[in-house]
Amino acid sequence: MVEQEIKHYHGNDGSDDSSDEEMSKYSLKIKFSLFSGLFFNILFSADASIKSLKEELAASPSNYDKHLELIKVCKESGELDELRTARETFAKIFPLTEQLWIEWIADETSLTESEEEHEKLVELYETALGDYLCPDLWLNYCQYALRWLGAEGGLGRFRGLCERAITQGKLSKLESNENNFYLSTNYYSQLVSFIVGLHPEKGAPIWEIYRETETALDGDDKKERVTKILRRQVALPLYDSEIAFKELKQIDSELWKKVKSDYDAAKMKLKELDEFEAKLRLTKNPSELAEIWKAYLKYEIKKADPVRIEFAYDRATTQLCLNPALWMEFLTWAKKIKSPNLKKISLRAARNCSWDENLWLERLNFTDEDPMDIFDEAIEALGGAGIERLQGLLWQLVLIYRRRATQNENMKETSISDDAKNAFRAAVKKAIQICTSLSATELVQEFETFGAEVEIVFFEEIARGRSKFEKLFKSTFGQDGKNWVRFAELEQFHGDLQLVRKIYKKGKSLKIL
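Just so you know, these numbers come straight off a predicted model, no measurement behind them.

**Q** Before we go on, may I ask you to explain the overall build of the chain in this structure?
**A** In terms of regular secondary structure, the chain is built from 24 helices and 0 strands. Per-residue burial over the chain gives 44% buried out of 513 residues. Counting every atom, the chain has about 28,300 Å² of accessible surface; 51% of that belongs to carbon and sulfur.

Listed below in structure tokens is the structure:
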């Protein structure tokens, strides 16, 4: 096609030698035109795909595969702003796998230049660490954090990060010999970090980067710093710990002799763990993994080390994140020992198995957030669920607000604030609306009765509670004598004795009592 157009330009045969230069320029012009057209067609096609995928996700935001597809199209087309937005939206709805976070952070790292951008990258790392136990991501973070060493307070910041990776500690305050480093409130400041340094296969590299950095730093306490890290490492059942043990011998032979018994015990422990680790390496099948982890967890629970048990559950739920029974088992154990990580576990459980109403119940139980917001998330996630699945959540929501209203933090105050009362009333109203929409008439009456009783007994709003009961008696509720007796009892203890007589008299006149 290009040759034909060139020949046409030169009189069909292209025999005019004097115009070779012009022909060359024209040929390039046509090729550029064709390339430009192809480029814009691809770009237009990508834009159309992005628009279509965004529309699909607006209609169905919980479509996991469509989120992945949108991210792929945005990345291939070079639409960086669209790519970032797509990833942020995805991460709000679903926990992301380690590989997805690594790819996201790698893309952002390539664009990071200013210190402000680097701090945003740190925030992204911190957010990424909250979804699953991710040893490779932790290693990347520690390697990235080496850039802090030249800055003021950077050494303390780096040490704090490494300590978080190998020991259990809150993210909100990181103590070191040099400085304290406080994370901003945008991070997971109330959560406790995963202990990736315990990972038999992937824990050693975290220890190594910490130890090698300390080895490279000068100072009178250098030997002490390095040997402390080595001593802790060799006491753990990690593969390749022989390297650290030999290094300790070279640095401090006396200490090496003292910790040999700890090292030998760790090797024996690793030998026991190897039975499970070897099986885990050989399969990706969920049902087979479930059986392996069942045996692994049984082993760790028998050993009764809560740190190792929680670590095992973290690993198991990372591999079997869509197993609600495993999450519930994890939560049951965590509640039994009163784990400080209950909030984190319940959050992760509900995010991973958002279709399971029982996990949302646990989420409601252990959240510090507004329960109404969590409830709305649950209702959206459980879209289409019947009243049988929702009534537990509805009662939990109402009871949480009742409890919050009636438990005064300041014991000197005996009155309940109007805000607390209104929050409870809003919860009852929400429950009644949902029950009404699902034609659950009996539950509607139960919530209305409960709301009226709380008004009288706890809020001492006698007139409001009485009005609610009187309204209820005009429905089928008034045909049950037990309800009249309950109303009379409430009036007897909290209201007007003369009204008690009227209630009983009216009940008898209706031949209900």
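**Q** Just to check I follow, could you spell out the environment of Ala46 for this structure?
**A** Counting through the fold element by element, Ala46 comes out in helix α2 (residues 20-59). On the basis of relative accessibility, which here comes to 11%, the residue Ala46 falls in the buried class. Along the backbone, Ala46 and Ser77 are 31 residues apart, and their C-alpha atoms lie at a distance of 6.2 Å. Discounting residues that sit within four places of it in the chain, Ala46 has contacts with Val73 and Ser77.

**Q** Explain the layout of surface pockets to me, please; I cannot follow it from the model alone.
**A** A probe as big as a water molecule, rolled over the atoms, marks out the empty space that is left. In this model, the second largest pocket occupies a volume close to 700 Å³. Looking at the lining of the second largest pocket, the elements with two or more residues in it are α5 (98-111), α7 (135-144), α12 (253-282), α13 (286-303) and α14 (306-319). Class assignment for the residues of the lining of the second largest pocket results in 9 nonpolar, 5 polar and 8 charged.

**Q** Where do I start with the packing of aromatic side chains in this structure?
**A** The relation between two aromatic rings is expressed through the spacing of the ring centres and the mutual angle of the planes. Enumeration according to the criterion identifies 24 aromatic pairs in this entry. Ring plane angle 40° and centroid distance 6.4 Å describe the contact between Trp138 and Tyr141, whose orientation is recorded as tilted. Pair noted here: Trp138 and Tyr141 are both in helix α7, with a separation of 3 residues, about one helical turn. Here the two residues Trp138 and Tyr141 agree in accessibility, since each one is buried. Centre to centre, the rings of Phe276 and Tyr296 are 4.7 Å apart; their planes meet at 20°, and the pair counts as stacked. Of this pair, Phe276 sits in helix α12 while Tyr296 sits in helix α13, and the two are 20 residues apart along the sequence. Of the residues examined, Phe276 reaches a relative accessible area of 8% and is grouped as buried. Aromatic rings pair up to connect Tyr125, Trp138, Tyr141, Tyr144 and Trp148 into one cluster. Lying over the aromatic face of Trp148, Arg157 brings its terminal NZ or CZ to 4.1 Å of the ring centre.

**Q** What exactly am I supposed to notice about a negative patch on the surface here?
**A** Where like charges cluster on the molecular surface, the negative patch consists of Asp370, Asp373, Glu377 and Glu380. Mapped onto the elements of the fold, Glu377 is located in helix α18 (residues 371-381).

**Q** I'm lost on the side chain of His118 in this one. Help?
**A** Here His118 lies in helix α6 (residues 115-128). Residue classification places His118 among the buried residues on the basis of a relative accessible area of 11%. Among the polar contacts listed, one links the side chain of His118 to the side chain of Arg147, at a separation of 3.5 Å. With residues near it in sequence (within four places) discarded, His118 still touches Thr112, Glu113, Tyr144 and Arg147.

**Q** How should the confidence of the model for the chain be read in this particular structure?
**A** Detailed reading of the predicted coordinates is not advisable wherever pLDDT falls low. Looking at the chain, the pLDDT average stands at 85 and 84% of residues meet or exceed 70. Under a pLDDT of 50 for its full length, residues 1-15 has, in the predicted model, 14 contacts with residues more than four places off or in other chains. Predicted confidence is poor over residues 169-192, with pLDDT under 50, and the contacts of this stretch with residues over four places away or in other chains come to 48 contacts.

**Q** Got a minute to help me understand the side chain of Asn352 in this structure?
**A** Inspection of the secondary structure puts Asn352 in helix α16 (residues 342-352). One polar contact links the side chain of Asn352 to the main-chain carbonyl oxygen of Arg348, over a distance of 2.7 Å. In this structure, Asn352 is in contact with Pro95, Tyr132, Cys321, Leu322 and Trp327, ignoring residues within four places of it in sequence.

**Q** For this particular structure, what's the right way to read helix α3 (residues 64-77)?
**A** Given 3.6 residues to a turn, an α-helix orients residues that are three or four positions apart in the same direction. Here α3 is 14 residues long and its end C-alpha atoms lie 20 Å apart, about the 20 Å a rise of 1.5 Å per residue gives. Every buried residue belonging to α3 is among His67, Leu70, Ile71, Val73 and Cys74, and all of these are buried. Summarising the axial view, the buried residues of α3 lie within an arc of 165°, below the 170-degree limit, and thus occupy one face. Projecting away from the buried face of α3 at angles above 90 degrees are the exposed residues Asp65, Lys72 and Glu76. Immediately downstream of α3, the backbone of Gly78 shows phi near 75°, a positive value.

**Q** What exactly am I supposed to notice about the pattern of salt bridges here?
**A** A side chain with one charge can pair with a side chain of the opposite charge if their charged atoms come near. One pass over the full model with this rule turns up 40 salt bridges. The shortest N-O distance in the salt bridge between Glu108 and Arg84 comes to 2.9 Å. Of this pair, Glu108 sits in helix α5 while Arg84 sits in helix α4 (residues 80-93), and the two are 24 residues apart along the sequence. Judged by relative accessible area, which is 14%, Glu108 ranks as buried. According to the relative accessible area criterion, Arg84 is partly exposed, its value standing at 28%. Across the salt bridge formed by Arg363 and Glu369, the nearest N and O atoms sit 2.9 Å from each other. Overall, the relative accessible area of 5% leaves Arg363 in the buried class.

**Q** Honestly, the nonpolar core in this entry has me stumped. Any pointers?
**A** Generally speaking, nonpolar side chains in soluble globular proteins are found buried as a group. Of all hydrophobic cores here, the largest spans 53 residues; its most connected members are Trp101, Leu137, Tyr141 and Trp148. Mapped by element, the contributors of at least two residues to this core are α2, α3, α4, α5, α6, α7, α8 (154-166) and α9 (204-216). It is α7 that contributes the most residues to this core, 6 residues altogether. Aside from chain neighbours lying at most four places away, what touches Tyr141 is Val122, Tyr125, Glu126, Leu129, Trp148 and Leu161.

Rules of the game
- Residues numbered from 1 in each chain as written.
- Predicted model: local features only at pLDDT ≥ 70, side-chain atom pairs only at ≥ 80, totals over all residues.
- Heavy atoms only, no water.
- Helix = DSSP H or I, 4+ residues; strand = E, 2+ residues; numbered from the N terminus.
- Buried < 20%, exposed > 50% of the residue type's maximum accessible area, 1.4 Å probe, protein only.
- Areas by Shrake-Rupley, 256 points an atom, 1.4 Å probe, with all protein chains shown as cover.
- Contact = heavy atoms within 4.5 Å.
- 1 Å grid on protein atoms, 1.4 Å probe; cavity = no way out; pocket = protein on both sides within 12 Å on 5 of 7 lines; lining within 4 Å.
- Points joined across faces, edges and corners; volume = space filled by probe spheres on them.
- Nonpolar A, V, L, I, M, F, W, Y, C, P; charged D, E, K, R; others polar.
- Phe/Tyr/Trp six-rings, centres within 6.5 Å; stacked < 30°, edge-to-face > 60°.
- Lys NZ or Arg CZ within 6 Å of the ring centre and 35° of its normal.
- Patch = residues over 30% accessible without salt bridge, like charges linked within 9 Å, V, L, I, M, F, W, Y side chains within 5 Å.
- Salt bridge = Lys/Arg side-chain N within 4 Å of Asp/Glu carboxyl O.
- Lys, Arg positive; Asp, Glu negative; His and termini not counted.
- Charge placed at Lys NZ, Arg CZ, Asp CG, Glu CD.
- Polar contact = N/O pair within 3.5 Å; in protein donor to acceptor, adjacent residues only side chain to side chain.
- pLDDT = per-residue confidence, 0-100.
- Expected span 1.5 Å × (residues − 1).
- Arc of directions from axis to C-beta.
- Core = buried A, V, L, I, M, F, W, Y, C linked by side-chain atoms within 4.5 Å.

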